[in-house]
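# Geometric and topological summary
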Amino acid sequence: MTDTIYAPATAVGRAAVAVVRVSGPATTAALRALMGGVPAARHASLRSLKTRDGVLIDRALVLFFPGPGSYTGEDVAEFHVHGGAAVMGALLAELSGQGLRLAEPGEFTRRAFENGKLDLAQAEGVGDMIDAETDAQRRQALEQLGGRLSGVQARWADRLTEALAMLEAAVDFPDEEVPSDVAVRARPVLEALIGELDAAIADVARGERVREGYRIALVGAPNAGKSTLLNMLVGRDAAIVTATPGTTRDIIEAPLVLGGYKVIIADTAGLRDTRDEIEAEGVRRARAWAGLADLRVWLADGMDPAGNFEGAQDGDICLVTKRDLGEGVIGLRGEPFTVRSPNDVAWLVRTLTSAVVDALDGAEPPLATRVRHQTLLKDAVIRLRQAVAQDEHLELAAEDVRLAARVLDRITGRIDPEQVLGRIFSTFCIGK
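Here's a quick rundown of the structure. Within each chain, residues carry numbers counting from 1 in the order of the written sequence. Restriction of local features to residues with pLDDT of at least 70 applies here, the model being predicted, together with a cutoff of 80 or more for giving and counting side-chain atom pairs; totals for whole chains, interfaces and linings are based on all residues. In computing side-chain properties, one takes all heavy atoms of the structure into account and sets aside hydrogens as well as water.

## With respect to the nonpolar core
Test applied: Definition of nonpolar core: a set of buried residues of the types Ala, Val, Leu, Ile, Met, Phe, Trp, Tyr and Cys, connected through side-chain atoms within 4.5 Å. When accessible area is computed with a 1.4 Å probe and restricted to protein chains, residues below 20% of their type maximum are described as buried, those above 50% as exposed, and intermediate ones as partly exposed. Numbering of helices and strands runs from the N terminus; a helix is a DSSP stretch of H or I covering at least four residues, while a strand is a stretch of E covering at least two. We call two residues in contact whenever any of their non-hydrogen atoms come within 4.5 Å of each other.
Core analysis: the largest hydrophobic core is formed by 34 residues, its most contacted members being Trp156, Leu190, Leu197, Leu377, Leu384, Val401 and Leu408. Secondary structure elements with two or more residues in this core: α6 (148-172), α7 (182-212), α11 (371-389) and α12 (394-412). Of all the elements, α7 adds the most residues to this core, at nine residues. Contacts of Val401, omitting those with residues within four sequence positions, involve Leu160, Leu164, Leu167, Leu190, Leu384 and Ala387. If you look at the next biggest cluster of nonpolar residues, it comprises 28 residues, including Leu229, Ala254, Leu256 and Phe337.

Shown next, in the form of structure tokens:
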């Protein structure tokens, strides 16, 4: 990393203040070119920024963080300028003219990772903090950024080293003064670790749902009131509502927050047999989305004699809609409901909120929060189970333990393929 990078650290658009960051070996040269000197470390200085021709760009607050005591581990500068597009454009053009390179998405954080300022799990926490939309997402991201998973992984690594030492002692020194049961002592250590890894794996889905959103599908026959209900829940006209059956033909997703958690609620095509090719594809997509949803809310028109909840499962919510228009179909089991009733709406919101909180809440945020973590944990468990099953071939057991340790090291990025790192950091915004 011999080049110096720069990028806006704030969103594009009109604002009171905008921030531009610079990182790399030419940072001090850039400061001297723009303002005639380098400010005192970690002290905000009001300086005039000028072009190479001496034209004033702006009066700005400038901060300098000398490496390695900076976010990236390199010399870093921040320019806090007025947030107009012309000011930003002039400053960025001047930095480019000095030979600095516009940073790629996530490149500042990747440099921090490569310079040992944070590990890969913490870097993922940085990305999650940027994307956090709810308090639950913020808390979970803070745990990752604070190194909770990294600390637990380090403890797992210590225990694997302990077990490996026992196994290798039995293999390498069979005739020395080594206790005869030294290899046996490794078994309870490995079995306890398998239990911890299994528990972490089981909780990954909760972490994913906190990050990505709990998925609720509105399902039912055409004209049962799904689109009307979606619009009511999200507080806007997200879906078109007409009296014509089959208006909704694709999945309409809308976000909302329930109980402090992000929720993705989807209006789906009405379920019915149809010869219309487009509508049939919508029905197929509706069934697929509902099948993967965390919760399904079934709606049946209480005024339709053909109304039913065919396909509903235990735990689904069944609503008999349009109860304000009549008594409903005799024998149709479900909660009478109408969006015209504030009491009905309040009850449904409470019910949905309770379902979300019950599924996602816990004494602590999930330890592992990504499919990447889950894949590595599962691989490590497979290796450890193989090690425990090796009663006679201790050298094979030792190798499985060694491979499990290498797999767990990939959680924090101590060893990870370049393409994996590239994929992770490419999801970050430019300037971070």
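## Quick notes on the packing of aromatic side chains
Put simply, the test is: Two rings from Phe, Tyr or Trp (for Trp, the six-membered ring) form a pair when their centres sit within 6.5 Å of each other. Planes less than 30 degrees apart are called stacked, planes more than 60 degrees apart edge-to-face, and all others tilted. Charge-over-ring contacts are defined here by two conditions on Lys NZ or Arg CZ: a distance within 6 Å of the ring centre and an angle within 35 degrees of the ring normal.
Summed over all chains, the structure comprises zero aromatic pairs. When the ring centre of Phe108 is taken as reference, the NZ or CZ atom of Arg21 above it lies at 5.1 Å. The ring of Trp289 carries the charged tip of Arg215 above its face, separated from the ring centre by 4.1 Å.

## A short note on the pairing of strand β1 (residues 5-8)
How we decide: Note: two strands are recorded as paired if DSSP finds a minimum of 2 bridges between them.
Covered by surrounding structure in β1 are Ile5 and Ala7 together with Tyr6 and Pro8, the residues of both alternating faces. Note: β1 against strand β2 (residues 15-23), four bridges, orientation antiparallel. Paired with Ala7 across the strands is Arg21, a residue of β2. Linking β1 to β2, which pair antiparallel, is a turn of six residues; within it Gly13 sits at a positive phi near 135°. By the bridge criterion, two bridges tie β1 to strand β6 (residues 101-102) in an arrangement that is parallel. Bridge assignment links Tyr6 to a residue of β6, and that residue is Leu102.

## Considerations on the side chain of Arg296
So the rule is basically this: Pairing of N or O atoms within 3.5 Å defines a polar contact, subject to two protein rules: one partner must be a possible hydrogen donor and the other a possible acceptor, and residues neighboring in sequence count only if both atoms are side-chain atoms.
Relative to the helices and strands, Arg296 resides in strand β10 (residues 295-301). Assessed through its relative accessible area of 11%, Arg296 is described here as buried. A distance of 2.8 Å separates a polar side-chain atom of Arg296 from the backbone oxygen of Ala290. Here the side chain of Arg296 touches Ala293 through a polar contact of 3.2 Å, landing on its backbone oxygen. Dropping the residues within four chain positions of it, Arg296 is found in contact with Ala217, Val219, Ala290, Gly291, Gln313, Asp316 and Ile317.

## Some remarks on the sheet that holds strand β9 (residues 261-267)
Test applied: Convention adopted: a line fitted to C-alpha atoms gives each axis, helices being fitted over their contacting stretch, and angles between N-to-C directions are expressed from 0 to 180 degrees.
Here we have six strands laid out as an open sheet, ordered β8-β9-β7-β10-β11-β12, and mixed in their pairing. Sheet topology places β8 (252-258) and β12 (335-336) at the edges, where each strand pairs with a single neighbour. Of the strand pairs in this sheet, strand β7 (residues 214-220) and β10 are connected by five bridges, and their pairing is parallel. Bridge assignment links Val219 to a residue of β10, and that residue is Trp298. Of the strands in this sheet, β7, β8, β9 and β10 are in contact with helix α9 (residues 277-292), which crosses β7 at around 140°.

## What about the side chain of Thr268?
In this fold, Thr268 is placed in the loop between β9 and α9. Engagement of the side chain of Thr268 in a polar contact is seen with the backbone oxygen of Leu218, the distance being 2.6 Å.

## Description of the packing of α11 against α12
To keep things clear, this is the line we draw: Each angle is binned into one of four classes, with values under 35 degrees roughly parallel, values over 145 roughly antiparallel, values of 65 to 115 roughly perpendicular, and all other values oblique. When residue character is reported, Ala, Val, Leu, Ile, Met, Phe, Trp, Tyr, Cys and Pro are called nonpolar, Asp, Glu, Lys and Arg charged, and the others, Gly included, polar.
Viewed as axis vectors pointing N to C, α11 and α12 meet at an angle of 170°, and their least axial separation amounts to 8 Å. On the basis of their axis angle, the class for α11 and α12 is roughly antiparallel. Side by side, α11 and α12 meet where Arg372, Leu376, Leu377, Asp379, Ala380, Arg383, Leu384, Gln386 and Ala387 of the first sit next to Ala397, Asp400, Val401, Leu403, Ala404, Val407, Leu408, Arg410 and Ile411 of the second. Considered class by class, the residues forming the contact of α11 with α12 number 12 nonpolar, one polar and five charged.

## Quick word on the sheet that holds strand β5 (residues 76-83)
On the basis of which strands lie adjacent, the open sheet formed by six strands has the order β3-β4-β5-β2-β1-β6 and mixed pairing. Because the sheet does not close on itself, it has two edges, and the strands there are β3 (45-50) and β6. Sheet analysis places strand β4 (residues 56-65) next to β5, joined by five bridges and oriented antiparallel. Within β5, the residue paired with Phe65 across the bridge is Val76. In the packing of helix α1 (residues 27-35) onto the sheet, the strands contacted are β2, β3, β4 and β5, and the crossing angle to β3 comes to about 75°. With respect to the sheet, helix α3 (residues 107-114) is in contact with β1, β2 and β6, its orientation differing from that of β1 by roughly 135°.

## Focus: the pattern of salt bridges
The following threshold applies: For salt bridges, the criterion is a side-chain nitrogen of Lys or Arg within 4 Å of an Asp or Glu carboxyl oxygen.
The tally for this structure, following the rule as stated, stands at 30 salt bridges. Taking the shortest distance from any N to any O, the salt bridge between Arg211 and Glu212 comes out at 3.4 Å. Residue classification places Glu212 among the partly exposed residues on the basis of a relative accessible area of 40%. For Arg402, the salt bridge goes to Glu399, with nearest N and O atoms at 2.5 Å. Taken as a pair, Arg402 and Glu399 lie in helix α12 at a separation of three residues, close to a single helical turn.

## A short note on α1
Let me state the cut-off plainly: In this description, one arc is meant: the one made by directions from the helix axis to the C-beta atoms.
Taken residue by residue, α1 has Thr27, Thr28, Ala30, Leu31, Leu34 and Met35 as its buried positions. Projected down its long axis, α1 carries its buried residues within an arc of 155°, all on one side. For α1, the elements touching its buried residues are β2, β3, β4, β5 and α2 (85-97).

Read these as spatial facts, not as claims about activity.
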